[in-house]
Amino acid sequence: MPGPAAITAMLIVLAAWYLNAVISWRQAALFIVGAGAGVVLYHAAFGFTSAWRVFISDRRGAGLRAQMLMLAITCAVFFPLLAAGTFMGQPVRGSVSPVSVGVAAGAFIFGVGMQLGGGCASGTLFSVGGGSTRMLITLFFFIIGSVIGTAHMGWWTAQKVFRGPTSIVTEMGPWPALAASLALFGVIAWVTMFAERKRHGQLIDPVEHPASAGLFPSHRWLTGPWPLVAGAIGLALVNIATLTIGGRPWGVTSAFALWGAKWFAALGIDVASWSYWTAPAQATALKSSVLMDVTSVMDFGIILGALLAAILAGRFAPVWRVPGRSVAAAVIGGLLLGYGARIAYGCNIGAYFSGIASGSLHGWLWLAAAFIGNVAGTRLRPMFDLKVEKTRTAC
């Protein structure tokens with residue numbers, strides 16, 4: 001293994017050892033799961049942002065179909081586990097939130113931010129780990145926007161709630177809920193195929209990836225790239241592992257709010273008095289080390305996993321010059337991403353992926369509103385000299 005890759009791998013191992021020794025084996029295991037997510041995201045170039053943009057601009061739907069596969073696999077495991085309520089003696093719970101104005105507004109804002117910032121929550125982290133200097137700007141302002149969102153959270157939660165936290169697993173039972181979800185995933189996949197064939201006459205096979213051969217190219221597991229289907233399966237396994245080890249689904253952006261709140265507190269701003277941070281769980285997190293926070297630990301793992309994947313692929317080469325308009329888009333996009341994620345109870349992972357996988361109705365509202373936001377964001381990209389690609393890219 002090349003020197004930089006060996007050093008990064010050793011850093012991951014040492015971090016896991018430390019977490020196991022100081023906190024718990026579960027924290028160490030979830031850190032490793034996060035690192036695995038970083039590898040999957042980078043090697044499969046599994047960007048939610050570009051998949052949506054390419055469908056919006058050119059009706060290429062392979063990325064969206066891969067997302068439906070990812071959701072189908074995850075739901076098939078999640079629904080029975082959530083209905084049982086425990087796994088090997090450990091309680092498990094889903095990510096279920098209200099169907100509200102805040103979710104719709106936040107998801108729309110997040111969708112616009114995806115296209116201006118250049119990535120979603122998971123996409124921002126793996127792009128940073130992979131060496132994207134522009135995404136460092138997005139991440140910084142993503143964190144700032146998240147803290148601002150916590151300051152306004154009380155106002156947004158007071159807005160109209162169409163339906164309280166509702167899981168179709170509870171309402172319908174796991175198997176009817178799974179059948180209904182699979183049918184919806186199939187409809188969405190069919191719509192993308194219909195639109196793609198109408199525009200182009202044929203489909204791009206989601207199994208294939210440029211420069212790869214077949215679904216499981218054994219000689220490319222370390223260096224990549226991976227086919228989309230491998231990415232979909234890999235991310236499904238990440239969320240399943242998170243639920244079975246941690247007792248709740250995968251999330252990303254609550255950690256950004258926590259990091260930012262700690263920065264603000266260090267500057268003398270009394271964030272602890274804000275209503276969001278007076279809730280018991282948030283108050284405890286604010287007073288504790290970030291290493292006690294599962295989401296933070298997994299996010300650190302994603303960055304290091306993506307760094308390792310980028311080094312193994314020979315593509316870690318940061319470019320420090322970023323055009324002014326692109327910087328402006330990263331700043332605006334980052335703020336929108338952070339703010340939208342907070343008021344919508346999550347991002348493309350916590351609200352969309354984990355919400356739908358939990359059977360939560362708010363996940364479907366998030367998907368619809370965020371997609372509309374992506375349409376708006378895609379239209380705004382040329383104002384900042386950002387490309388609107390005809391094929392899927394990493395972010």
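Worth saying up front: this structure is predicted, and the values here are computed from it rather than measured.

K.L.:
Tell me about helix α12 (residues 254-266), and please be specific about residues and values.
P.N.:
With 13 residues, α12 ought to run about 18 Å at 1.5 Å a step, and its terminal C-alpha atoms sit 19 Å apart, in line with that. Elements that come into contact with the buried residues of α12 comprise α6 (121-129), α7 (133-151), α13 (275-278), α14 (280-287), α15 (294-313) and α16 (324-343).

K.L.:
Residue-level account of the environment of A341, with values.
P.N.:
For A341, the position within the fold is in helix α16. The spatial distance from the C-alpha of A341 to the C-alpha of G36 is 23 Å, given a sequence separation of 305 residues. Not counting residues within four places of it along the chain, the set of residues in contact with A341 comprises F110, F142, T253, G346 and C347.

K.L.:
Can you lay out the pattern of salt bridges for me, pointing to particular residues and giving the numbers?
P.N.:
Inspection of the entire model under this criterion finds 4 salt bridges. Between R199 and D58 there is a salt bridge, with its nearest N and O atoms 3.6 Å apart. Highlighted residues: R199 in helix α10 (residues 174-200) and D58 in helix α3 (residues 48-58), separated in sequence by 141 residues. Accessibility expressed as a relative area gives 43% for R199, which makes it partly exposed. Classification of D58 as buried rests on a relative accessible area of 9%. Note that E196 is salt-bridged to R60, the shortest N-O span being 3.0 Å. One end of the pair, E196, is in helix α10; the other, R60, is in the loop between α3 and α4 (62-84), and 136 residues separate them in sequence.

K.L.:
Please set out the environment of L243 residue by residue, giving values where relevant.
P.N.:
Along the chain, L243 falls in helix α11 (residues 228-246). Classification of L243 as buried rests on a relative accessible area of 0%. Each C-alpha atom of the pair L243 and K262 lies 27 Å from the other, and the pair is 19 residues apart in sequence.

K.L.:
Residue-level account of the nonpolar core, with values.
P.N.:
Among the nonpolar cores identified, the biggest contains 80 residues, and F46, W52, F110, W250, Y352 and W366 are the most heavily contacted of them. For this core, the leading source of residues is α4, giving 12 residues. Sequence-distant contacts of Y352, defined by excluding residues within four places in its chain, comprise F48, W52, Q67, M68, L71, C347, G363, W366 and L367. Of all hydrophobic cores here, the second largest spans 15 residues; its members include I144, L258, A261 and I343.

K.L.:
Lay out the environment of I188 with the relevant residues and their values.
P.N.:
Structurally, I188 can be placed in helix α10. I188 sits in the partly exposed class, given a relative accessible area of 24%. Expressed as a C-alpha distance, the spacing of I188 and A265, which sit 77 residues apart in the sequence, is 44 Å. The contact partners of I188, leaving out residues within four places of it in the chain, are M68, W364 and L367.

K.L.:
Got a sec to walk through unusual backbone geometry? Specific residues and values, please.
P.N.:
A cis amide bond links G224 with the next residue in sequence, P225, at an omega value of -5 degrees. Tracing the sequence through the fold places P225 in the loop between α10 and α11. With phi around 50 degrees, A45 is a residue other than glycine that occupies positive phi space. Here A45 is to be found in the loop between α2 (25-43) and α3. Not every positive phi belongs to a glycine, and Y345 is a case in point at roughly 65 degrees. Within the secondary structure layout, Y345 lies in the loop between α16 and α17 (348-357). Residue Y345 is classed as partly exposed on the basis of its relative accessible area of 28%.

Criteria and thresholds
- Residues numbered from 1 in each chain as written.
- Predicted model: local features only at pLDDT ≥ 70, side-chain atom pairs only at ≥ 80, totals over all residues.
- Heavy atoms only, no water.
- Helix = DSSP H or I, 4+ residues; strand = E, 2+ residues; numbered from the N terminus.
- Expected span 1.5 Å × (residues − 1).
- Contact = heavy atoms within 4.5 Å.
- Salt bridge = Lys/Arg side-chain N within 4 Å of Asp/Glu carboxyl O.
- Buried < 20%, exposed > 50% of the residue type's maximum accessible area, 1.4 Å probe, protein only.
- Core = buried A, V, L, I, M, F, W, Y, C linked by side-chain atoms within 4.5 Å.

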